[in-house]
Amino acid sequence: FLLSEASGWDLIPPTVLRDGPFGPGMVQLWVDADEESPLVDVVAPDEVPDGWLAVLRAHDHHGDPVVLTHADHEDLRHLAVLDVVINNADRKGGHILHTAEGQVLGVDHGVSLNTDGKLRTVLWGWIDHPLPEHVIERLSTLRAMLEGTLASELAEHITPKEVQAINDRVDALL
């Protein structure tokens, strides 16, 4: 959440620390998704929506061809970049919410911020595309923030090695 907020993309619902019956943990604001407009889907090859990006071609449990695809949506692209920054090891289609207001949000980041490369995401549609200049500018700003107070803020929650790994991933993207 802190990295999403610092990036200026606001792609993760507000997340707070709370003490619970089993000790400290985090709670994310509940967000209702618009189930009629998903941003990730598995469809037949001839049913890929216009403007969507194919990620993977496979066969379903009946042996019929299918395509894992996602929208070519600017906020979804930002979420893909944020997934690299946080080393998200569990980005599934069901972890991407599209609200009735058109907002894109990523949820369930319990398998993120590992120091070892663990990136697993359905958002591979832009894999061979260069980062747009505005994304590079945001990453540069984020990198500068990681040299200052953001690193201190993160260090309250994660180890110095994990903070350094974030720096390294932002540097690699830049």
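Residues numbered from 1 in each chain as written. Predicted model: local features only at pLDDT ≥ 70, side-chain atom pairs only at ≥ 80, totals over all residues. Heavy atoms only, no water.

**Description of the overall build of the protein**
A count of helices and strands for the protein gives five helices and seven strands. Along its sequence from the N terminus, the protein presents helices and strands in the succession α-β-β-β-β-β-α-β-β-α-α-α. Expressed as a percentage of contacts within the protein between residues at least 6 apart in sequence, the contacts between residues at least 24 apart total 63%. Summed over its atoms, the accessible surface of the protein is roughly 10,000 Å², and 54% of this surface lies on carbon and sulfur atoms. Computing the positive centroid from 11 side-chain charges and the negative centroid from 30, the protein places the two 8 Å apart. (Helix = DSSP H or I, 4+ residues; strand = E, 2+ residues; numbered from the N terminus. Contact = heavy atoms within 4.5 Å. Areas by Shrake-Rupley, 256 points an atom, 1.4 Å probe, with all protein chains shown as cover. Lys, Arg positive; Asp, Glu negative; His and termini not counted. Charge placed at Lys NZ, Arg CZ, Asp CG, Glu CD.)

**Regarding the sheet that holds strand β4 (residues 52-59)**
Read from one edge to the other, the open sheet built from three strands follows the order β3-β5-β4, with strand pairing classed as antiparallel. Edge strands, defined here as strands with exactly one partner in the open sheet, are β3 (40-43) and β4. Adjacent strand axes in the sheet meet at a mean angle of 20°, parallel and antiparallel pairs treated alike. Where β3 meets strand β5 (residues 65-71), four bridges bridge the pair, whose relative direction is antiparallel. Along β5, the bridge assignment pairs valine 42 with leucine 68. (Pairing = 2+ DSSP bridges. Axes fitted to C-alpha atoms, helices over the stretch in contact; angles between N-to-C directions.)

**What about the packing of helix α2 (residues 74-86) against helix α5 (residues 160-173)?**
Closest axis-to-axis distance for the α2/α5 pair is 8 Å, and the angle between their directions is 135°. By the angle between their axes, α2 is oblique relative to α5. Mapping the contact onto sequence places Val81, Val84, Val85 and Ile86 in α2 and Ile166, Arg169, Val170 and Leu173 in α5. (Parallel < 35°, antiparallel > 145°, perpendicular 65-115°, else oblique.)

**Some remarks on the nonpolar core**
Grouped together as the largest cluster of nonpolar side chains are 33 residues, with contacts concentrated most on Leu3, Leu76, Ile96 and Leu123. Those elements that place two or more of their residues in this core are α1 (2-7), β5, α2, α3 (133-146), α4 (149-155) and α5. When residues in this core are grouped by element, the largest group, seven residues, is from α2. Leave out the neighbours within four places in its chain, and leucine 123 touches Val40, His70, Leu76, Leu79, Ala80, Asp83, Arg91 and Ile96. (Core = buried A, V, L, I, M, F, W, Y, C linked by side-chain atoms within 4.5 Å. Buried < 20%, exposed > 50% of the residue type's maximum accessible area, 1.4 Å probe, protein only.)

**Considering the packing of α2 against α3**
Two elements in contact, α2 and α3, have axes whose closest approach is 12 Å; the angle formed by their N-to-C orientations is 40°. Considering only the axes of α2 and α3, their crossing is right-handed. Along its contact with α2, which presents Glu74, His78, Val81 and Val85, the element α3 presents His134, Val135, Leu139 and Leu142. Looking at the contact of α2 with α3 residue by residue, the class counts come to five nonpolar, two polar and one charged. (Left-handed = near helix turned anticlockwise from the far one by under 90°. Nonpolar A, V, L, I, M, F, W, Y, C, P; charged D, E, K, R; others polar.)

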